[in-house]
Amino acid sequence: PLTFILTGIPGLLMSSYWMALPLCCLYFIMLLGNCTLLWMIKTDHSLHTPMYYFLSMLAVADLGLSLSTLPTMMAIFWFESTSLCFEACIVQMYFIHSFSAMESGVLVAMAFDRFVAICYPLRYTSVLTNSLIMKAGGAIFVRGISVVLPVAVLIKKMSFCRSHMLSHSFCLHQDMLRLVCGDVKVNSLYGLTAVILTKGLDSLTILLSYMMIIRAILSIVSQEARAKAFSTCISHLCAVLIFYIPLISLSVIHRFGKRLPPLTHTLLADIYLLVPPVLNPLVYSWKTKQIRRRILILLCRR
């Protein structure tokens, strides 16, 4: 059976506990932070608003993205197990790209939430109804699983006759595609199309939303009201930057940075998949007054 060989961090022993222990800490912080957010939003009725519903969707996408990479990362750095069968690699690749597309879609929904809250505050509750939020969540989920599905189907039909050594500790489409023996034009074209239809359109939509948000904020006369309106967007802006900066950097390096050291590719891929799920709960807990107050109440009770 076809087996891929995964790569740890170049220049570092795979059994190094100096890497395994920080990874475990990152995954623990990610699980604790996102599960705590979901629990607070579910149990606290004051958080049953559109903004926090979208935040719970972001937490679910972050959990799915991190748990998709967890098995192989832990297998490499704890047990020195680097081999992964072809089918398991395709499944992991599918879930990584699907949850990444879902997270991008949730960030668009959150940008729309901020747009309505700032530009049309009197119509906020009438526009963002529970029905619309459920439909948006369903659309984000369906888009994530359907756009990436042909990627997995196409690459499953390919034959691999080169080295089976992958460049990362998990399976990514671009990384698997470079090992294919044969014509990959269709795979590359659809992969590029899938990226444009998801993260490309999403980033443009978010940019357009914030252009209108900034325009609305600048039209406010009171300086204090301007600062208050903009402060409601800081958490979402941080989440957007945390997600898109590593993604864009990784895409550019995969396309144009083939002469760069392997460590650069590895670290950027790890940052893209591990850092946003860890930082998003911390950012929202720090910048959102209701969540911060809820955490303080829980700590005082204990």
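Being a predicted model, the structure only gives us computed values, none of them experimental. (Residues numbered from 1 in each chain as written. Predicted model: local features only at pLDDT ≥ 70, side-chain atom pairs only at ≥ 80, totals over all residues. Heavy atoms only, no water.)

This paragraph deals with the pattern of salt bridges. Counted by the stated rule, this structure contains three salt bridges. We note a salt bridge from Asp202 to Arg143, for which the minimum N-O separation is 2.7 Å. Of this pair, Asp202 sits in helix α7 (residues 185–218) while Arg143 sits in helix α5 (residues 130–156); the two residues are 59 residues apart in sequence, bridging distant segments of the chain. Between Asp175 and Arg178 there is a salt bridge, with its nearest N and O atoms 2.8 Å apart. (Salt bridge = Lys/Arg side-chain N within 4 Å of Asp/Glu carboxyl O. Helix = DSSP H or I, 4+ residues; strand = E, 2+ residues; numbered from the N terminus.)

In summary, soluble globular proteins display a tendency toward joint burial of nonpolar side chains. Leu55, Leu107 and Met176 are the most contacted members of the largest nonpolar core, which totals 79 residues. Contributing elements (two or more residues each) for this core: α1 (17–43), α2 (50–79), α3 (86–119), α5, α6 (173–177), α7, α9 (234–256) and α10 (262–287). A total of 17 residues in this core trace back to one element, the largest contributor, which is α3. Each residue touching Leu107, except ones within four places of it in the same chain, is listed here: Leu58, Ile206, His236, Ala239, Val240, Phe243 and Tyr244. (Core = buried A, V, L, I, M, F, W, Y, C linked by side-chain atoms within 4.5 Å. Buried < 20%, exposed > 50% of the residue type's maximum accessible area, 1.4 Å probe, protein only. Contact = heavy atoms within 4.5 Å.)

Attention shifts here to the state of the cysteines. Counted under the stated rule, the structure contains one disulfide. Residue Cys89 pairs covalently with Cys171 via a disulfide, S to S 1.9 Å. The S-S bond linking Cys89 to Cys171 shows a torsion near -115°; that makes this disulfide left-handed. On the criterion of sequence distance, the pair formed by Cys89 in helix α3 and Cys171 in the loop between α5 and α6 is long-range, its members being 82 residues apart. The class for Cys89 is buried, based on a relative accessible area of 0%. Judged by relative accessible area, Cys171 falls into the buried class, the value being 0%. (Disulfide = S-S within 2.5 Å.)

We now examine the environment of Leu38. Position of Leu38 relative to the elements: it lies in helix α1. Given a relative accessible area of 24%, Leu38 falls into the partly exposed group. Beyond its immediate sequence surroundings of up to four residues, Leu38 is in contact with Ser56, Ala59, Val60 and Leu63.

The next point concerns the packing of α2 against α10. For the pair α2 and α10, the least separation of the axes is 9 Å and the interaxial angle reads 140°. Between α2 and α10 lies a crossing whose hand is left-handed. Between α2, through Leu55, Leu58, Asp62, Leu65, Ser66, Thr69 and Met73, and α10, the contact on the second element is made entirely by Asp270, Leu273, Leu274, Pro276, Pro277, Asn280 and Tyr284. A breakdown of the residues in the contact of α2 with α10 according to their chemical character gives nine nonpolar, three polar and two charged. (Axes fitted to C-alpha atoms, helices over the stretch in contact; angles between N-to-C directions. Left-handed = near helix turned anticlockwise from the far one by under 90°. Nonpolar A, V, L, I, M, F, W, Y, C, P; charged D, E, K, R; others polar.)

This part takes up the UniProt feature "transmembrane region" (unreviewed entry) in the protein. With numbering matched to this structure, UniProt assigns "transmembrane region" (unreviewed entry) to residues 20–40, 52–70, 136–155, 233–253 and 265–284. For residues 20–40, the helix share is 100%, the strand share is 0%, and the end-to-end C-alpha distance is 30 Å. Structurally, residues 136–155 is divided into 100% helix and 0% strand, and its ends, taken at the C-alpha atoms, are 30 Å apart. (UniProt positions renumbered as here; feature names shortened; annotations may be inferred.)

Now for the environment of Cys233. Looking at the secondary structure, you find Cys233 in the loop between α8 (223–231) and α9. Take Cys233: its relative accessible area is 1%, and that puts it in the buried class. Excluding its chain neighbours within four sequence positions, the residues that come into contact with Cys233 are Arg114, Ile118, Tyr210 and Ile213.

Let's shift gears to α10. In a regular helix each residue adds 1.5 Å, so 26 residues correspond to 38 Å; α10 covers 36 Å between its end C-alpha atoms and thus fits that length. In α10, a bend of some 40° at Val275 exceeds every other bend along the element, and Pro276, a proline, comes one to four places later. (Expected span 1.5 Å × (residues − 1). Bend = angle between axes of the 7 residues up to and from the residue.)

Inspection of the secondary structure puts Ser169 in the loop between α5 and α6. Beyond its immediate chain neighbours, meaning those up to four positions away, Ser169 contacts Leu6, Thr7, Gly8, Thr72, Met73, Ile76 and Phe77.

Before going further, it helps to examine the packing of aromatic side chains. Scanning the model with the defined rule gives nine aromatic pairs in all. Geometrically, the ring pair formed by Phe86 and Phe160 is edge-to-face, given 5.4 Å between the ring centres and 65° between the ring planes. Of this pair, Phe86 sits in helix α3 while Phe160 sits in the loop between α5 and α6, placing them 74 residues apart in sequence. By relative accessible area, Phe86 is classed as buried at 7%. Where Phe115 meets Tyr120, the ring centres are 5.8 Å apart and the plane angle is 75°; that geometry is what we call edge-to-face. Relative accessible area serves as the criterion here: at 14%, Phe115 is assigned to the buried category. Since its relative accessible area comes to 42%, Tyr120 is described here as partly exposed. (Phe/Tyr/Trp six-rings, centres within 6.5 Å; stacked < 30°, edge-to-face > 60°.)

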